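# Remarks on the overall topology
Chain residues, written in single-letter form:
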Amino acid sequence: MSSRLIRWGGRAAVLGGILFAAVFALINLMIYGLKVLRGAFLESHAFAHILDAPMFLLLAAGALTLYLRQKEHFGRLGKAGFYLTFGGFALAAIGGLAIIVVGLSVGEEATLGVLDVLAHPLSMLLYSVGSVLFGIATFQASVLPRAGALLLAVGGPLWFFGPAFFSSLINGSEDWLLVLPAMVPAVLFGGGWALLGYALLSEKGERAAHPHSDSPVERKGTGDV
């Protein structure tokens, strides 16, 4: 895999993961805590997706690069995880962009229904399940840090089931600090992708400093005759 692809894919995963954690932590804070900000920023469905559509594009690019780096070590489980994850991120990005266009040109009501299902529950199901499988395969491959793989394997189901659980826990409470645990799934999930992306960037740096360190031919040539 080319160094340019590693560089851009690693950056996409890092930035996408950080944005995932930050955007959804902020959205949870607006929904459950700072409701004044909710009225100002989240009343527009299209505006909300201006925040997350670019993020999902970055995550899709990062997932593709991470898969290409490890595909020789992936079995059917890892490949299925990648296809589900990439498809979910791509669907979320495309659905979000469609909601932006339709919401701004037609109206907010037109963004509900099919577009809303595609951009939210369906895409979320795909990339959450896919990320668990991808994380397990990455853990088994041991090409990239296992800590990032574990964050995906744990963060995926927490992110999928967490919002409904925390919504039932927080609704009606006057203590907005209860929203802090609701941010944990997004931080874990986004952190997993960011950590794996950073590992790609670090790996590129090591290869630049030691260009022949992982070459089987070079290692063989340095042995005893």
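Keep in mind that this is a model prediction, so the values were computed, not measured.

## Quick look at the overall build of the protein
- Looking only at helices and strands, the protein has nine helices and zero strands in total.
- Its helices and strands in sequence order give the protein the pattern α-α-α-α-α-α-α-α-α, from N to C terminus.
- Taken over 225 residues, the protein has a buried fraction of 40%.
- Of the contacts made within the protein by residues no fewer than 6 positions apart, 81% connect residues no fewer than 24 positions apart.
- Surface summary for the protein: the accessible area is close to 11,700 Å², and the carbon and sulfur share equals 69%.

## Some words on the environment of L196
- Position of L196 among the secondary structure elements: in helix α8 (residues 184-209).
- With 130 residues separating them along the chain, L196 and L66 place their C-alpha atoms 7.7 Å apart.
- With residues near it in sequence (within four places) discarded, L196 still touches L66, T138, L144, P145, G148, A149 and L152.

## Let's talk about the environment of F24
- The topology assignment puts F24 in helix α1 (residues 3-33).
- Accessibility expressed as a relative area gives 13% for F24, which makes it buried.
- For the pair F24 and D52, spaced 28 residues apart in sequence, the C-alpha separation works out to 8.7 Å.

## Thoughts on unusual backbone geometry
- One non-glycine residue, S142, adopts positive backbone phi at about 60°.
- You can see S142 is positioned in the loop between α5 (114-141) and α6 (146-170).
- On the accessibility criterion, S142 (40% relative accessible area) is partly exposed.

## Describing the packing of helix α4 (residues 76-105) against α5
- The geometry of α4 relative to α5 is characterised by a closest axis approach of 7 Å and an angle of 155° between their N-to-C directions. Considering their axes alone, α4 and α5 lie roughly antiparallel with respect to each other. Crossing hand, α4 versus α5: left-handed.
- By residue class, the composition of the contact of α4 with α5 is 20 nonpolar, nine polar and one charged.

## Let's talk about α5
- Between its terminal C-alpha atoms α5 stretches 38 Å, which fits the 40 Å expected from 28 residues at 1.5 Å a residue.
- Its maximal kink placed at S123, α5 deviates by approximately 35°.
- Taken residue by residue, α5 has A119, S123, M124, Y127, S128, G130, S131, F134, G135, A137, T138 and A141 as its buried positions.

## What about the nonpolar core?
- Counting 32 residues, the largest nonpolar core has F20, F56, F89 and W193 as the members making the most contacts within it.
- Those elements giving two or more residues to this core turn out to be α1, α3 (45-70), α4, α5, α6 and α8.
- Considering every element that reaches this core, the biggest residue donor is α3, with seven residues.
- When neighbours within four sequence positions are excluded, F20 is seen to be in contact with M55, F56, L59, Y127, W159, A186, F189 and G190.

Criteria and thresholds
Residues numbered from 1 in each chain as written. Predicted model: local features only at pLDDT ≥ 70, side-chain atom pairs only at ≥ 80, totals over all residues. Heavy atoms only, no water. Helix = DSSP H or I, 4+ residues; strand = E, 2+ residues; numbered from the N terminus. Buried < 20%, exposed > 50% of the residue type's maximum accessible area, 1.4 Å probe, protein only. Contact = heavy atoms within 4.5 Å. Areas by Shrake-Rupley, 256 points an atom, 1.4 Å probe, with all protein chains shown as cover. Axes fitted to C-alpha atoms, helices over the stretch in contact; angles between N-to-C directions. Parallel < 35°, antiparallel > 145°, perpendicular 65-115°, else oblique. Left-handed = near helix turned anticlockwise from the far one by under 90°. Nonpolar A, V, L, I, M, F, W, Y, C, P; charged D, E, K, R; others polar. Expected span 1.5 Å × (residues − 1). Bend = angle between axes of the 7 residues up to and from the residue. Core = buried A, V, L, I, M, F, W, Y, C linked by side-chain atoms within 4.5 Å.

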